[in-house]
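Residues per chain are reported as follows:
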Amino acid sequence: MANLTPELEKERRKIMKIAQDVGLDFYETIFEIVTYDQLNQIAAYGGFPVRYPHWRFGMDYEQLSKSYEYGLSKIYELVINTDPCYAYLMEGNEFIDQKLVMAHVYGHCDFFKNNAWFGPTNTKMMDQMANHATRIRRYMDRFGVEPVEDFIDVCLSLENLIDRHAPYVTKSKQDPNEEVVPQAVERHDGKLKVHKSYMEKYINPPEFVAEQQQKKAEEFRNQVQGVPENPEKDVLKFLMDHAPLAAWQQDVLSIIRAEAYYFAPQGMTKIMNEGWASYWHSRLMTEKIMNDSEIIDFADRHSGTMAMAPNGFNPYKVGIELFRNIEERWNKGQFGREWSECTRLDEKKAWDKKTNLGREKIFEVRKHYNDVTFIDEFLTEEFCVENKLFVYKFNQRTNEYEVDTRDFPLIKKKLLFQLTNFGQPIISVVDANHNNRGELLLAHMFEGIEMQPDYMKATMQNLQKIWGRPVHVATVVDKERVIIGFDGKDFDSVSLDQLPTGS
Amino acid sequence: MGIREDHNRFREIVKGRIKQNFKKYVTQGEMIGRRENEYVKIPIPSIDLPRFKYGPKQSGGVGQGKGQPGDAVDGEQQPGQGQAGDSPGEHTLEADVTIDELAEILGEQLQLPRIEPKGNKRVDSFSNKYTGRAPIGPDNLKHFKSSYKEALKRSIASGSYDPLDPRVVPIKRDMRYRTVKKVSKPAANAVVIYMMDVSGSMGEEQKEIVRLESFWINAWLQKNYKGLETRFIIHDAAAKEVDEKTFFSTSESGGTLISSAYRLCQKIIEKDYNPNEWNIYPFHFSDGDNWSGEDTKHCIQLLKDYFLPRVNQFAYGQVESKYGSGQFLKDLEKSLPGEESLVISRIESKDKIIDSIKDFLGKGK
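Residues numbered from 1 in each chain as written. Chains lettered and ligands numbered in written order. Predicted model: local features only at pLDDT ≥ 70, side-chain atom pairs only at ≥ 80, totals over all residues.

**Quick look at the environment of phenylalanine 95 of chain A**
Rules: A run of H or I in DSSP becomes a helix once it reaches four residues, and a run of E becomes a strand once it reaches two; helices and strands are each numbered from the N terminus. With C-beta atoms placed from the backbone, the exposure class of a residue follows from how many other C-beta atoms lie within 10 Å of its own: 20 or more, buried; 12 or fewer, exposed; in between, partly exposed.
Locating phenylalanine 95 of chain A in the fold gives a position in helix H4 (residues 95-114). Owing to 12 C-beta atoms within 10 Å, phenylalanine 95 of chain A belongs among the exposed residues under this scheme.

Below, the structure is given as structure tokens:
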């Protein structure tokens with residue numbers, strides 16, 4: 001790893017100044033030059049120089065190295081969300097590439113700092129990751145590599161079972177002086193309301209009160225006994241609190257969970273983040289940074305980044321186009337009630353109120369939105385038509401993917417579905433005392449797509465390893481509602497007449 | 001850096017998985033995937049970390065491009081992205097394993113002894129390569145690039161380098177010359193000659209067995225000999241030399257004269273492979289049917305007089321088929337008892353391939 005060369009450093013200062021002038025606001029950003037091998041290493045580690053030891057990183061590294069060596073892919077840019085931001089440039093890339101990457105990176109850094117969804121992430125994650133690595137190494141020294149690694153494998157296979165929205169919910173602290181206590185008392189005393197005090201002994205005879213109190217107490221106990229009280233989406237947290245784990249296992253699980261939460265916002269804002277960075281690199285490069293001789297190379301790189309494979313979905317492309325679209329609409333005043341109620345196409349086409357609010361609007365959007373809300377609010381029918389978006393599906397008969405529809409509401413629905421929970425099944429802990437035998441029951445909120453059965457079973461085996469007792473998942477298999485159970489040896493499947501209909 | 005550690009661990013795990021399922025890989029041809037020079041692709045499903053996830057075929061997605069509803073979407077499955085994302089892509093579940101590594105696993109699993117080359121006549125040939133650098137030498141071997149580098153180093157170190165006027169003047173001390181290095185090239189010193197009976201009684205299944213066995217035999221011998229040549233002979237009533245592809249795809253009908261193959265094999269050895277310089281491994285696979293007892297006698301004579309004194313090991317594998325009588329194996333056993341360099345193995349089914357490989361290679365010859 002090396003610092004920037006004097007030429008690049010000069011360029012970096014220039015680009016930083018330009019970026020600040022247009023209103024981008026970022027943490028200090030440190031660029032380092034690395035060889036392709038180092039870049040692959042860092043990329044395999046998710047952008048960090050140090051991670052805990054695990055073979056999965058080695059697997060990613062092998063894949064990245066191979067695909068680079070065979071010329072299939074190449075990493076141009078890597079930046080991590082910390083304060084200061086660290087970004088890596090690959091040694092040997094052309095000068096124009098490095099400039100483009102720097103402009104792109106400043107876009108990302110601005111997004112990291114200002115987007116609300118990144119708010120709760122730990123900006124000192126670099127230290128945290130190194131810390132995690134030390135802790136895990138220490139456990140490996142004490143308990144042996146294999147047991148710790150096996151346990152990490154188990155945790156990683158449950159890694160996606162976190163509640164991605166939990167960091168943004170600040171639970172209101174219960175005030176002990178609030179009504180909770182008197183309510184509970186009232187519930188317990190079991191008396192009916194009496195208006196006239198002399199009626200008391202007739203309306204509430206002692207036997208009746210005693211009976212009522214017992215009833216209420218039982219009810220209350222039943223209520224409390226349900227663990228968890230409400231379905232818990234943060235399965236990892238639940239396991240940390242309730243599974244029979246050794247102290248070190250609990251700690252390893254907490255490490256995996258913390259890292260999963262750290263990476264979650266990046267997944268939640270993929271389209272926006274890449275769109276925002278691409279918007280700015282193209283703006284800054286074409287308007288301020290490039291000289292004439294570089295235009296062809298720039299166009300080549302830029303279009304390479306924006307290319308969409310036939311049934312691929314390129315977040316760079318969709319993101320940048322949406323930001324441009326928003327800017328244009330707000331510049332021309334194409335929003336608000338008047339606009340949406342207008343039904344004349346020619347009028348809409350010529351619509352220009354010269355409001356010039358575009359720039360302001362996109363900065364606002366980058367602050368408050370995530371991919372789901374971004375697509376939900378700004379994906380328009382015109383945009384889908386213009387960018388030729390479609391929904392594809394797998395045809396069992398021809399064994400091929402084929403175009404399903406170009407209907408706007410369906411495209412939007414599909415996109416939103418893919419983005420919600422990152423296109424992963426939503427699963428929560430429903431009951432930790434299933435069958436009254438301390439067995440764990442999870443529920444899959446079924447939304448029309450079944451889980452991959454072999455993966456599901458393998459994951460359940462891992463879950464069982466942590467929980468110790470049998471585990472169950474309520475889901476849908478082959479269009480039938482079932483509870484799949486695994487007791488450590490065998491799977492069973494109980495058909496349900498009524499599936500607990502999620503939500 | 002840590003990644004080396006992780007990478008080695010990953011390779012170890014891959015090897016471990018292969019070892020676990022080794023029998024399956026040996027007996028099922030399709031497990032040994034596409035073969036590319038020195039790499040073999042092996043599907044290892046259990047290496048992926050399982051998750052709760054949607055079945056891929058059901059979910060579909062949003063794409064971009066031309067086409068009417070109902071049209072097939074062509075192209076790759078994964079979006080071609082130009083820039084790094086924050087998540088590594090979908091993992092292919094195939095691991096690349098070198099044939100060398102496979103052979104090592106084979107050796108470990110079957111506890112095969114290292115092969116002792118015949119005599120110490122490992123012929124290494126030498127060639128001269130001008131890869132070394134030395135500060136003295138003749139002018140015509142002057143190496144410009146390294147001389148320049150030396151000069152640049154010196155001028156930077158001495159402070160006379162000026163980036164605005166980057167002229168570097170080399171002096172005598174900077175000059176570097178190419179020097180000769182002797183490179184020893186181990187010559188191809190082992191040859192495997194495969195012979196197979198392609199008469200009507202050898203069916204697809206029998207041939208598959210031969211194909212799998214020869215793959216593993218090759219892998220092991222290749223590990224033991226730097227250069228390994230392979231030759232292929234097919235025979236029914238007459239024998240001919242073919243290339244590998246034809247060897248495994250030909251099926252003919254007609255009678256069987258095993259001696260025809262042996263004679264051709266003898267001819268090949270006499271022409272190309274001097275037994276004093278080469279380690280020779282003839283392998284013959286058949287279902288044990290021979291046309292006449294006369295021909296069998298002839299074969300035995302050839303083995304006794306020509307092959308056995310000259311080759312490292314002569315291997316005969318009898319692939320059982322419902323048409324073959326299996327007589328040839330019995331005849332060999334009867335007429336050539338206790339011959340050190342003759343290995344006979346009976347392969348009843350695919351599951352026996354492992355045992356038969358062990359028979360063939362277990363002697364360490």
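**Section: the domain arrangement of chain B**
Residue and element names in this part refer to chain B. To keep things clear, this is the line we draw: The start and end points of each domain follow an automatic or database-based domain assignment. Any residue pair is listed as a contact if its two C-beta atoms, each placed from the backbone, are within 7 Å. Three categories are distinguished: nonpolar for Ala, Val, Leu, Ile, Met, Phe, Trp, Tyr, Cys and Pro, charged for Asp, Glu, Lys and Arg, and polar for the others, with Gly belonging to the last.
By domain assignment, chain B separates into domain 1 (1-49 + 92-111), domain 2 (124-184) and domain 3 (190-361). Here domain 1 and domain 3 have C-alpha centroids that lie 29 Å from each other. Counting residues at the interface gives 13 residues for domain 1, matched by 15 residues for domain 3. If you list the elements that add at least two residues to the side of domain 1 that touches domain 3, you get helix H2 (22-27) and helix H4 (99-110). The dominant element in the side of domain 1 that touches domain 3, judged by the number of residues it contributes, is H4, at 8 residues. Of the residues assigned to the side of domain 1 that touches domain 3, the class counts are 7 nonpolar, 3 polar and 3 charged.

**Let's talk about unusual backbone geometry**
All names here are of chain A. Omega for the bond connecting aspartate 83 with proline 84 falls within 30 degrees of zero, at 0°, which places this linkage in the cis form. You can see proline 84 is positioned in the loop between strand S2 (77-80) and strand S3 (85-90). Even without being glycine, lysine 354 reaches a positive phi, approximately 50°. Positive phi values are uncommon outside glycine, yet lysine 388 reaches one of about 55°. The residue lysine 388 is located in the loop between helix H19 (381-386) and strand S4 (389-395) in this model.

**Considerations on helix H8 (residues 258-272) of chain B**
Owing to its 3.6 residues per turn, the α-helix aligns residues three or four sequence positions apart on the same side. All names here are of chain B. Note the threshold: Helices are assigned an expected span. That span is 1.5 Å times one less than the residue count.
Between the first and last C-alpha of H8 there are 22 Å, a value that for 15 residues agrees with the 21 Å anticipated at 1.5 Å per step. Those residues of H8 lying buried are Ile258, Ser259, Ser260, Ala261, Tyr262, Leu264, Cys265 and Ile269. Turning to H8, the residues buried within the fold contact strand S7 (190-197), strand S8 (228-235), strand S9 (239-242), strand S10 (279-286), helix H9 (293-310) and helix H10 (327-335).

**Let's talk about the interface of chain B and chain A**
Put simply, the test is: Two strands qualify as a pair provided DSSP detects at least 2 bridges between them.
Taken residue by residue, the interface counts 46 residues in chain B and 68 residues in chain A. Counting only elements with at least two residues in the side of chain B that touches chain A, the list comes to helix H1 (2-20), helix H3 (56-59) and strand S3 (61-64) of chain B. Residue composition of the side of chain B that touches chain A, grouped by class: 15 nonpolar, 20 polar and 11 charged. Across 4 bridges, the pairing between S4 of chain A and S3 of chain B is antiparallel. Paired with valine 391 of chain A across the strands is valine 62 of chain B, a residue of S3 of chain B.

**Section: the sheet that holds S4 of chain A**
Threshold: Here the axes come from fitting lines to C-alpha atoms, over the contacting stretch only for helices, and the angles between their N-to-C directions go from 0 to 180 degrees.
Strand order in this open sheet of 3 strands is S5(A)-S4(A)-S3(B), and the pairing throughout is antiparallel. Two strands bound the open sheet, and with one partner strand each, they are strand S5 (400-405) of chain A together with S3 of chain B. Shown here is a sheet whose adjacent strand axes are inclined to one another by a mean of 50°, direction ignored.

**Here's the deal with the sheet that holds strand S9 (residues 480-486) of chain A**
Residues and elements named next belong to chain A. What the 5 strands build is an open sheet, ordered S6-S7-S8-S9-S10; its pairing is mixed. Of all strands in the sheet, those bounded by a partner on one side alone are strand S6 (427-434) and strand S10 (491-495). Put simply, the sheet's adjacent strands are angled 25° from each other on average, direction ignored. Sheet analysis places strand S7 (residues 439-444) next to strand S8 (residues 471-477), joined by 4 bridges and oriented parallel. Along S8, the bridge assignment pairs leucine 442 with valine 473. Set on the sheet, helix H21 (residues 453-467) makes contact with S7, S8, S9 and S10; between it and S8 the angle comes to about 165°.

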